[in-house]
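# Commentary on secondary and tertiary structure
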Amino acid sequence: MNLQVLTYITVGITFLIYIAIAIWSRASSTKEFYIAGAHVPPLANGLATAADWMSAASFISMAGIVSYMGRDGSVYLMGWTGGYVLLALMIAPYLRDFGKFTVPDFIGDRYYSQFARMVAVVCAIFVSFTYVAGQMRGVGVVFSRFLEVDINLGVLIGMGIVFFYAVLGGMKGITYTQVAQYCVLIFAYMVPAVFISILMTGNIIPQLGFGAELNDSFGGGYLLDRLDGLHEELGFAAYTEGVRSNLDVLFITAALIMGTAGLPHVIIRFFTVPSVRAARKSAGYAILFIAILYTTAPAIAAFARTNLINTVNNAEYVSMPGWFKTWENTSLIRFEDKNGDGLIQYVADAEVNELTVDRDIIVLANPEIAKLPNWVIALVAAGGLAAALSTAAGLLLVISTAISHDLLKRNLMPDISEKQELSFARIAILFAVCVAGYFGINPPGFVAQVVAFAFGLAASSFFPAIVLGIFSTRMNREGAISGMIAGIVFTATYIIYFKFINPAADTATNWWLGISPEGIGTLGMLINFAVAIGVCRLTAEPPQEIKDMVLDIRVPGKPD
Amino acid sequence: MQKDDNKYWQENIRILTVLLGIWFVVSFLMSVIFVDQLDAIRIGGFKLGFWMAQQGSIYVYVIIVFVYLKLMDKLDHKHHHDEKDILAQEEAEELSQ
């Protein structure tokens, strides 16, 4: 069957599934809309959390990034998984026991302050919008590449689908569509990976093929040794060795880890389970399901890199396989025959190099490079869409609850009825979908830069405030607020300076202590902790009922 | 009751300290700071430091979270914070009122 028709059918079927789930799981109360009635079983929540977490960036771009960065790419692999250990051990069980709806709920109540609540609301909205713009763009990109529709039309279709199930079902609809989306995306990710592993090493498990010997047709020898050799030949740094300083790698990894643990759309997922034990258990399932993709990604990265270099380097341009031409048309692959010899020179030296390959190719074109059947390619399109839509929905819900619950119900309009609050929540999601769609169609040039911002902010604001709120009964309003503000201001200033005011200076020699803007959130977090503890010592203790509340969330309470 | 809650919390902190200690060693010491030294050791086609940074650390994360679940189940059971116990307590309180 024609690839295009097959892709339409595959994507169409997955969309029908999502819509059917939405109709089945309509929300009728704010509790259902915000936290799926706290009735989600741990396994389902683990699956939903994994889909919520793994975005278009994880699915489409990550293997490509690792493929180009080699060992330095580990910052993303560890940074985007290690946070789940902190979530599971230090945050999720206690916030579940606290038993409210949102992260600003906890910050506002624990620090008995509307101001703290508003700081949390602004951070939650900012972080979520930053993130969701990229997802909508991802939807558009997948549509335009695989279904050959206009990128803007792709964004609009994506908006329509998310809008339908998010507005109808709220968290309940989102949760069960995310369960389906995880299944689609992990299947779509693993099938090509397994095929490529068999093709190149004869091992059916990509994680093992990663460290195995290559088949004779690929030159034999261990895959990673071969890759290091190829890199050396072409003048790139060895694949298994790093270029960045250890200190910078440490700070970036830590910032991504603490950021992950502080992201509201992830934390909020643990409010949806019935008990503290269920929260712990679903965190276990979540990291397990995430680990399946995250341990496969670096294997794909190494396979694809080797395969790519083998295929293109010093090969004749005219004899390139079909996929090369297809992706050249989308300008994700660009070839310029500088020395006019008709051969492709792919080397580190920019003067001599003739080939530019977009990193997204690694996942998107992988099935074609490995000559896999058409249905696998169609599956990758559906998987990319599932990854982008599931994350977008989770983020939109955070924005909606921040407005209808934290801003209106808990602050500006405490007298509205539940029914009115539910209507506001639905209007807020409509508004959020439109803003996200706008950013998807007119992407601000700074999307890539603001992702560092989102993690830096989450790490330097939410993470310390939540952890101190649980592990210290003495932490008070004054300490938490001044800590959050110090952390945010420091981190934001550093990132804004290097990314927006003076991007030319964004090199290792100018960085403070050699820490890149991507890693500065770690320092911001330490500053937050230091300021919070210092100010807390000098100011009044929190009221007794707050201390009692903290003691109470430390011990598992009644399940829902 | 208050005293028992205190003890429960102390033991919880001890579990966290050990598990987060392992987490720290695996993430930051083995995968970042001493990665080049570990690379001298080879397991099959992998250098150990590289493997820790791109594979091993993630496997350890999964194990840590499931070990935590088991240890906390045991601790909850010891201090009668099992889900069944909590529900039974609630019922007893309601009956006595």
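Residues numbered from 1 in each chain as written. Chains lettered and ligands numbered in written order. Predicted model: local features only at pLDDT ≥ 70, side-chain atom pairs only at ≥ 80, totals over all residues.

### Quick word on the overall build of chain A
Across its full length, chain A holds 22 helices and two strands. For 560 residues, the compact-globule estimate of 2.2 N^0.38 gives 24 Å, and chain A sits close to it at 24 Å. Seen along its three principal axes, the alpha-carbon backbone of chain A occupies a region of about 80 × 55 × 40 Å. Expressed as a percentage of contacts within chain A between residues at least 6 apart in sequence, the contacts between residues at least 24 apart total 81%. (Helix = DSSP H or I, 4+ residues; strand = E, 2+ residues; numbered from the N terminus. Rg over C-alpha atoms; globule rule 2.2 N^0.38 Å. Contact = placed C-beta atoms within 7 Å.)

### Re the overall build of chain B
A count of helices and strands for chain B gives four helices and two strands. Of the regular secondary structure in chain B, the N- to C-terminal order runs α-α-β-β-α-α. Radius of gyration (C-alpha) of chain B: 20 Å, far over the 13 Å computed for a compact globule of 97 residues. Based on the C-alpha atoms only, the size of chain B along its principal axes is roughly 70 × 25 × 15 Å. Sorting the 97 residues of chain B into buried and exposed places 32% on the buried side. (Buried ≥ 20, exposed ≤ 12 C-beta atoms within 10 Å, placed from the backbone.)

### Overview of helix α17 (residues 374-412) of chain A
All names here are of chain A. The terminal C-alpha atoms of α17 lie 54 Å apart, and with 39 residues this matches the ideal 57 Å at 1.5 Å per residue to within 8%. Of all the bends found along α17, the most pronounced is centred on Ala402 and spans about 30 degrees. Among the 39 residues of α17, 33 are classified as buried, and the element is accordingly described as predominantly covered. (Expected span 1.5 Å × (residues − 1). Bend = angle between axes of the 7 residues up to and from the residue.)

### Topic: the confidence of the model for chain B
Residue and element names in this part refer to chain B. Residues at a pLDDT of 70 or more form 98% of chain B, whose mean pLDDT is 89. Confidence, read as mean pLDDT per element, is least for helix α4 (residues 83-96) in chain B (73) and greatest for helix α3 (residues 48-78) (95). The ipTM for the predicted assembly is 0.91, set against a pTM of 0.92. (pLDDT = per-residue confidence, 0-100.)

### Considering the interface of chain A and chain B
Contact residues are listed per partner, giving 43 residues for chain A and 35 residues for chain B. Looking at the side of chain A that touches chain B, the elements that each hand over two or more residues are α5 (74-98), α10 (223-234), α11 (246-262) and α13 (276-312) of chain A. A total of 11 residues in the side of chain A that touches chain B trace back to one element, the largest contributor, which is α13 of chain A. The class makeup of the residues in the side of chain A that touches chain B is 23 nonpolar, 12 polar and eight charged. (Nonpolar A, V, L, I, M, F, W, Y, C, P; charged D, E, K, R; others polar.)

### Focus on the packing of helix α8 (residues 151-201) of chain A against α13 of chain A
All names here are of chain A. Between α8 and α13, whose axes approach to 10 Å, the crossing angle comes to 40 degrees. Judged on the interaxial angle alone, α13 and α8 are oblique. For the pair α8 and α13, the crossing hand works out as left-handed. Counting all contacts with α8, which are made through Tyr182, Ile186, Tyr189, Met190, Ala193, Ile196, Ser197 and Met200, the residues of α13 involved are Phe289, Ile292, Leu293, Thr296, Ala299, Ile300, Phe303 and Asn307. Of the residues belonging to the contact of α8 with α13, the class tally is 13 nonpolar, three polar and no charged. (Axes fitted to C-alpha atoms, helices over the stretch in contact; angles between N-to-C directions. Parallel < 35°, antiparallel > 145°, perpendicular 65-115°, else oblique. Left-handed = near helix turned anticlockwise from the far one by under 90°.)

### Brief notes about unusual backbone geometry
Even without a glycine there, the phi angle at Ala36 of chain A is positive, about 50 degrees. For Ala36 of chain A, a count of 26 C-beta atoms within 10 Å gives the class buried.

### Some remarks on the nonpolar core
With 222 residues, the main nonpolar core has Leu185, Ile290, Ile300 and Leu396 of chain A as its most contacted residues. If sequence neighbours within four positions are ignored, Ile300 of chain A has contacts with Ala63, Ala193, Ile196, Pro206, Ile362, Val363 and Asn366 of chain A. (Core = buried A, V, L, I, M, F, W, Y, C linked by C-beta atoms within 7 Å.)

### So, the packing of helix α7 (residues 114-146) of chain A against helix α18 (residues 418-441) of chain A
The relative placement of two packed helices is expressed as an angle between their axes plus a distance between the axes. Residue and element names in this part refer to chain A. Two elements in contact, α7 and α18, have axes separated by 8 Å at closest approach and are oriented at 60 degrees. As summarised for this structure, α7 and α18 are arranged oblique, according to the angle between their axes. Every pair of crossing elements has a handedness; the one defined by α7 and α18 is right-handed. Of α18, the residues touching α7 (which contributes Phe129, Val132, Ala133, Met136, Arg137 and Gly140) are Val435, Ala436, Gly437, Phe439 and Gly440. A class-by-class count of the residues in the contact of α7 with α18 yields seven nonpolar, three polar and one charged.

### Digging into α4 of chain B
Spanning 14 residues, α4 of chain B covers 20 Å between terminal C-alpha atoms, matching the ideal 20 Å at 1.5 Å per step. Little of α4 of chain B is tucked away, with one of its 14 residues classed as buried.

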